[in-house]
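Structural overview
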Amino acid sequence: MADHLVIDRCICKRRSFAELLVMAQDWDHDVDCVMLVSGAGLQCGRCRPWLAQAIRGQSPAIVVDLGEVADADVLAIHFST
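Scoring rules and cut-offs
Residues numbered from 1 in each chain as written. Predicted model: local features only at pLDDT ≥ 70, side-chain atom pairs only at ≥ 80, totals over all residues. Heavy atoms only, no water. Disulfide = S-S within 2.5 Å. Buried < 20%, exposed > 50% of the residue type's maximum accessible area, 1.4 Å probe, protein only. Salt bridge = Lys/Arg side-chain N within 4 Å of Asp/Glu carboxyl O. pLDDT = per-residue confidence, 0-100. Helix = DSSP H or I, 4+ residues; strand = E, 2+ residues; numbered from the N terminus. Core = buried A, V, L, I, M, F, W, Y, C linked by side-chain atoms within 4.5 Å. Arc of directions from axis to C-beta. Patch = residues over 30% accessible without salt bridge, like charges linked within 9 Å, V, L, I, M, F, W, Y side chains within 5 Å. Areas by Shrake-Rupley, 256 points an atom, 1.4 Å probe, with all protein chains shown as cover.

1. Quick look at the state of the cysteines
Note on terminology: disulfide describes a covalent bond linking the sulfur atoms of two cysteines. In this structure the tally under the stated criterion is 0 disulfides. Free cysteine: Cys 10, not disulfide-bonded; nearest cysteine sulfur from Cys 47 at 3.9 Å. Here Cys 33 is not disulfide-linked; the sulfur of Cys 47 is the nearest cysteine sulfur, at 16 Å. The class of Cys 33 is partly exposed, set by a relative accessible area of 26%.

2. Observations concerning the pattern of salt bridges
Summed over the entire model, instances satisfying the criterion amount to 2 salt bridges. Across the pair Asp 8 and Arg 9 runs a salt bridge, and its minimum N-O distance is 3.2 Å. For Asp 8, a relative accessible area of 27% gives the class partly exposed. Salt-bridge contacts for Glu 19 lead to Arg 15; the nearest nitrogen and oxygen are separated by 2.8 Å. On the accessibility criterion, Glu 19 (33% relative accessible area) is partly exposed.

3. Some thoughts on the confidence of the model for the protein chain
Caution applies to low-pLDDT parts of the model: their predicted coordinates are not meant to be read in detail. Chain-level pLDDT for the protein chain is 93 on average; 98% of the residues reach the 70-or-more range. Mean pLDDT per element in the protein chain: helix α4 (residues 72-79) is the minimum at 88, and strand β2 (residues 9-10) is the maximum at 97.

4. Description of the nonpolar core
Residues Ile 7, Phe 17 and Leu 75 are the most contacted members of the largest nonpolar core, which totals 27 residues. Mapped onto this core, the elements with two or more residues apiece are β1 (4-7), α1 (17-26), α2 (31-38), α3 (48-57), β4 (62-65) and α4.

5. Focus on α1
Residues spaced three or four apart along an α-helix face the same direction, because each turn holds 3.6 residues. Turning to α1, its buried residues are Phe 17, Leu 20, Leu 21, Met 23 and Ala 24. Summarising the axial view, the buried residues of α1 lie within an arc of 165°, below the 170-degree limit, and thus occupy one face. Structural note: α1 exposes Val 22, Gln 25 and Asp 26 on the side pointing more than 90 degrees away from its buried face. One or two positions beyond α1, positive phi appears at Asp 28, with a value near 55°.

6. Focus on a nonpolar patch on the surface
A contiguous nonpolar surface patch, about 400 Å² in accessible area, is contributed by Trp 27, Leu 36, Val 37 and Leu 42. For Leu 36, the position within the fold is in helix α2. Classification of Leu 36 as exposed rests on a relative accessible area of 64%.

Shown next, in the form of structure tokens:
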């Protein structure tokens, strides 16, 4: 298993963070509004912390150190689909 994972989308809703960042501009970068309007982060919720980080930092991708994540195996499987 790799030691890091690049998370750049909500897998469940098939919405890229880049796409959601454009949407966030219309909602004053309010994470809750972006999730409600797009549906991203509302199904399984695995992307929610990284979606929030992406919107706050205005970054289309977040690099996650898998050594610092409790469910690293599940996370890696989910985001590699």
